[in-house]
Amino acid sequence: MPAIYAKAPGKIILFGEHAVVYGQPAIAIPVNKVSATARVLPKISGGKNQVRIKASDVQLDTALSDLDKNHPIAVAIQQVLNAIELDQLPSLTLMISSTIPIAAGMGSSAAITIAIIRALTDFLGKPLTTEAISALAFEVEKIHHGTPSGIDNQVIAHQKPMLYSPGKPIEQLIIREPTHWVIADSGEESPTKSTVADVRKLHAQDPESYDQVFEKIGQITLKARPALIAGDTGTLGQLMLENQYFLEQLAVSSPKLEKLISAAVSAGAIGAKLSGGGRGGNMIALAPSEKTQPIEAALLAAGATRVITTTLIKKGRD
Ligand code: MEV
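All values reported here derive from a predicted model rather than from experimental measurement.

J.: I'd like a rundown of the pairing of strand β2 (residues 26-42), residues and numbers included.
T.: Every regular strand shows the same layout, with side chains that alternate between the two sheet faces. The buried fraction of β2 amounts to twelve of the 17 residues, a majority that puts the element mostly inside the structure. In the sheet, strand β1 (residues 4-15) pairs with β2 via eleven bridges, with the strands oriented antiparallel. Residue Gly10 lies in a different strand from β2, and its bridge partner there is Val31. Bridge count for β2 against strand β6 (residues 162-164) is three bridges, and the pairing is antiparallel.

Now the structure itself:
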């Protein structure tokens, strides 16, 4: 049996992070320049249930039986076994690698989980629907992130730009005009679990005021939807700055992120904001097509540890 290989992209949130945890809509796009991969190699001569997990990026090389049952990889595998009603895996080696920055708001955990689920279910001859893969990944996301909204697993499983509202069917965005986005890593970690938990504490102290902030962010996201589809960069840029203002009210910004946002805008970005959990991690800038390079250079000069430019291309429904 040949090795089976599955890949899942990173993601970036354009509008609506944090508010989406409270039921508001958010917009996210896949980022194909970074990805997670999972490879399944059958062990022909191994006995039953000899499963080895290798993830050299995080120095993991272990038998599955030695992995804590609550480890996200063990949980992802258990989710697969439950979904396809299998007691145990045949002997195999599961190799995992990723170029998606960890704890940076680019969906590294969801992408790794989805790559694992796809590779294993394909290997076992039981491929699942995209929606089923996303639902299994959501269960693993809860271990990573506490109370996630589900946006990461949805955008990464479907690999499409989308408007996502918890509990509602996803809405794929059919882009009519391309837009260019520069993503910059602040180099500071952004553990989504703790930023989401901190926002929850704020909300518990004053639910009425914070519900209003979430609603304002939700309104910004809904205004951004037609602007993104039409490539109306002026409107998008303004909405990004407004969204950033409300993220600052949620105390998830940071001096470094704000320095990067100012640097991008001074270099010609039409708008910029933090993206993902915040406190660190990434910010994103909307760039005129001829300005992507100067904006990248300005972000690096302002201390970004990595920049990735991605173009949201015109695409029909598929
Ligand atoms: C994390 O990528 C985005 C947050 O809104 C959390 C979530 O939606 O689960 C901060």
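J.: Explain the sheet that holds strand β10 (residues 282-287) to me, and be specific about the residues and the numbers.
T.: Spatial ordering of the open sheet is given by β9-β10-β8-β11, a layout of four strands whose pairing is antiparallel. Because the sheet does not close on itself, it has two edges, and the strands there are β9 (271-275) and β11 (306-312). Looking at each pair of strands side by side, their axes are set apart by 25° on average, direction ignored. Of the pairings in the sheet, the one linking β9 to β10 comprises five bridges and is antiparallel in character.

J.: Break down the site of the ligand for me, citing the residues and quoting the values.
T.: Taken together, the neighbourhood of the ligand is formed by 13 residues, with Lys11, His18, Pro148, Ser149 and Asp152 sitting nearest. Measuring from an oxygen atom of the ligand, one finds a backbone N or O atom of His18 at 2.8 Å. With respect to the ligand, the side chain of Ser149 contributes an N or O atom lying 2.5 Å from an oxygen atom. Contact with the protein chains covers 98% of the free accessible surface of the ligand, which is 300 Å². Mapped by element, the contributors of at least two residues to the shell around the ligand are β1, α4 (151-158) and α5 (192-205). Its residues placed into classes, the shell around the ligand shows six nonpolar, four polar and three charged. The residues that make up the shell around the ligand include at least three from each of domain 1 (4-164) and domain 2 (174-312).

Cut-offs used in this document
- Residues numbered from 1 in each chain as written.
- Predicted model: local features only at pLDDT ≥ 70, side-chain atom pairs only at ≥ 80, totals over all residues.
- Heavy atoms only, no water.
- Buried < 20%, exposed > 50% of the residue type's maximum accessible area, 1.4 Å probe, protein only.
- Helix = DSSP H or I, 4+ residues; strand = E, 2+ residues; numbered from the N terminus.
- Pairing = 2+ DSSP bridges.
- Axes fitted to C-alpha atoms, helices over the stretch in contact; angles between N-to-C directions.
- Near = heavy atom within 4 Å.
- Polar contact = N/O pair within 3.5 Å; in protein donor to acceptor, adjacent residues only side chain to side chain.
- Areas by Shrake-Rupley, 256 points an atom, 1.4 Å probe, with all protein chains shown as cover.
- Nonpolar A, V, L, I, M, F, W, Y, C, P; charged D, E, K, R; others polar.
- Domains from an automatic or database assignment.

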